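Secondary and tertiary structure notes
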Amino acid sequence: MTTPKTFKQFWGLFTTLLAIFSIGAVLLPIFLNAHPWPTAARDYLAMRGNTDSGATNLVSAIYLGYRVFDTFGETIVLLVSVLGTMGILTRVESLVDASSDDEHTIGTVSGFSLSQEKRRSHTLRTHLLEVVTGKIGPIVLLFGFYVMLYGHVSPGGGFQGGVILASGIIFLALGNPQEGSSGISNPEILVRIETVAFLILVLVFFSGFFMGNGFFGNPLESTQVPVGYIVLLNAIIGLKVGTSIGFMCIAMMGGGY
Amino acid sequence: MVERILLLLLFMVGFWGIVGKKHIIKKIFGLNILNNAAVILFIVEGSRIGTNAPIMEQTGSSIVDPVPQALMLTAIVIGVCITALSLALAVHLYKISGSFDIDTIRLKVQDEA
């Protein structure tokens, strides 16, 4: 922050500081709250969570069992966010095409562009980047699948594994020397995987109907392996989150639409 | 107590980034810092009644409350969505005005109006 010279700059600094310290004063009691945290939910979950859902990891027992409606809304928010981002970025691309103004072309849109003629010339695209990301990508993908599929017994789950999957997809997209040599960094395939994963997610939520447990109900509840439902949902959500975040990043790097 | 004061400071740093900075990318950074301060506050609150991770490998141990952790999982994903949308909007504004500075953008909009 530069030292203020005119009255207007001084006034701007004063109002900013006033706003920051006001919000600090308002939030101080919330942050320093010493009210005892209720233990009822923790005790209930510690007692019943494992037997109800079969998951050792109680967090996944909550977000794929007790509060699965929340997770459903969250996946919809992710879908809407991808749609919005794509809508805005597509408009940007059409603006660029209309004006064909190279001076105002932004680095993030065309810099790491996946199109063949641009990627050779960009200074940040070195051989080091291509070699390292191309080699590390499949390992990151494997780790992502591990985190995704073992979310019920260890820290992890669909969302976490999905984000690791997205980083693997981005690594592969950065490390590909030839365009289109790897289908997993192809935006069209990523979008298809995402939409199909969302459709399967909704169908799986309906599957509880046939066992008499209702929407969101666990169809395997009365069987020996109730945890199968959580593993299945983790896998679907991981695929959906991984492809949608990977797709957004690839589109921001200039691939895609 | 110390960690709570540090979290409040982190929150205020994020808020300063939003209201005090002129650069749009720095504003988005501030939004992320603010989001993370709220997430860590919930995790700290939930960890007041236990010490172990909520993974039921051994029974009878005092675990932290898993409910705030499951809620924060949602908050983190929503934060990613907000970041992506705001970055796309920033790119759009840059395309229109040629700048990330909000004063320049405002001047540009006033000129066009």
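The preceding data block contains the structure.
An account of the accompanying structure is given in this report. Remember, it's a predicted structure, so these values are computed and weren't measured experimentally.

Rules used in this analysis
- Residues numbered from 1 in each chain as written.
- Chains lettered and ligands numbered in written order.
- Predicted model: local features only at pLDDT ≥ 70, side-chain atom pairs only at ≥ 80, totals over all residues.
- Heavy atoms only, no water.
- Helix = DSSP H or I, 4+ residues; strand = E, 2+ residues; numbered from the N terminus.
- Buried < 20%, exposed > 50% of the residue type's maximum accessible area, 1.4 Å probe, protein only.
- Polar contact = N/O pair within 3.5 Å; in protein donor to acceptor, adjacent residues only side chain to side chain.
- Contact = heavy atoms within 4.5 Å.
- Salt bridge = Lys/Arg side-chain N within 4 Å of Asp/Glu carboxyl O.
- Buried area = accessible area lost by both parts, 1.4 Å probe.
- Phe/Tyr/Trp six-rings, centres within 6.5 Å; stacked < 30°, edge-to-face > 60°.

1. Focus on the side chain of Ser97(B)
Residues and elements named next belong to chain B.
- With respect to the secondary-structure elements, Ser 97 resides in helix 3 (residues 66–97).
- Given a relative accessible area of 11%, Ser 97 falls into the buried group.
- At 2.8 Å, the side chain of Ser 97 forms a polar contact with the backbone oxygen of Leu 93.
- Within polar-contact distance, the side chain of Ser 97 engages the backbone oxygen of Ser 99 at 3.4 Å.
- Not counting residues up to four positions away in its chain, the partners in contact with Ser 97 are Ile 105 and Lys 108.

2. Some details on the pattern of salt bridges
- In this structure the tally under the stated criterion is eight salt bridges over all chains.
- Notably, a salt bridge pairs Asp70(A) with Arg67(A), separated by 3.7 Å at the nearest N-O pair.
- Classification of Asp70(A) by relative accessible area gives partly exposed; the value is 25%.
- Taking relative accessible area as the criterion, Arg67(A) reaches 36% and is therefore assigned partly exposed.
- Two residues, Lys22(B) and Asp103(B), come together in a salt bridge whose shortest N-O distance is 3.6 Å. Placement of the pair is Lys22(B) in the loop between helix 1 (2–20) and helix 2 (24–46) and Asp103(B) in helix 4 (residues 102–112), with a sequence separation of 81 residues.
- The exposure class assigned to Lys22(B) is partly exposed, which follows from its relative accessible area of 41%.
- Residue Asp103(B) is classed as partly exposed on the basis of its relative accessible area of 32%.

3. Examining the environment of Ile62(A)
- Here Ile62(A) lies in helix 3 (residues 58–66).
- Taking the relative accessible area as the measure of exposure, Ile62(A) reaches 2% and is therefore buried.
- Each C-alpha atom of the pair Ile62(A) and Leu45(A) lies 8.7 Å from the other, and the pair is 17 residues apart in sequence.
- When residues no more than four places from it in sequence are discounted, the contact partners of Ile62(A) are Leu45(A), Arg67(A), Val68(A), Pro66(B), Val67(B) and Ala70(B).

4. Concerning the interface of chain A and chain B
- Listed by partner, the interface residues are 57 residues for chain A and 48 residues for chain B.
- Summed over both sides, the interface between chain A and chain B buries roughly 4500 Å², with carbon and sulfur atoms accounting for 77% of that surface.
- Between chain A and chain B we count zero salt bridges in total.
- For the interface between chain A and chain B, the tally reads nine residue pairs in polar contact (both at pLDDT 80 or more).
- Mapped onto the side of chain A that touches chain B, the elements with two or more residues apiece are helix 1 (7–31), helix 2 (40–53), helix 3, helix 4 (68–99), helix 5 (107–110), helix 8 (158–175) and helix 10 (227–252) of chain A.

5. Some points on the packing of aromatic side chains
Residue and element names in this part refer to chain A.
- This model, assessed by the stated rule, comprises 18 aromatic pairs over all chains.
- Note on Phe 69 and Phe 216: the rings are 5.4 Å apart at their centroids and 75° apart in plane angle, and the pair reads as edge-to-face. Within this pair, whereas Phe 69 is found in helix 4, its partner Phe 216 is found in the loop between helix 9 (187–206) and helix 10, the two being separated by 147 residues in sequence.
- By relative accessible area, which is 60% here, Phe 69 ends up exposed.
- A relative accessible area of 15% places Phe 216 in the buried class.

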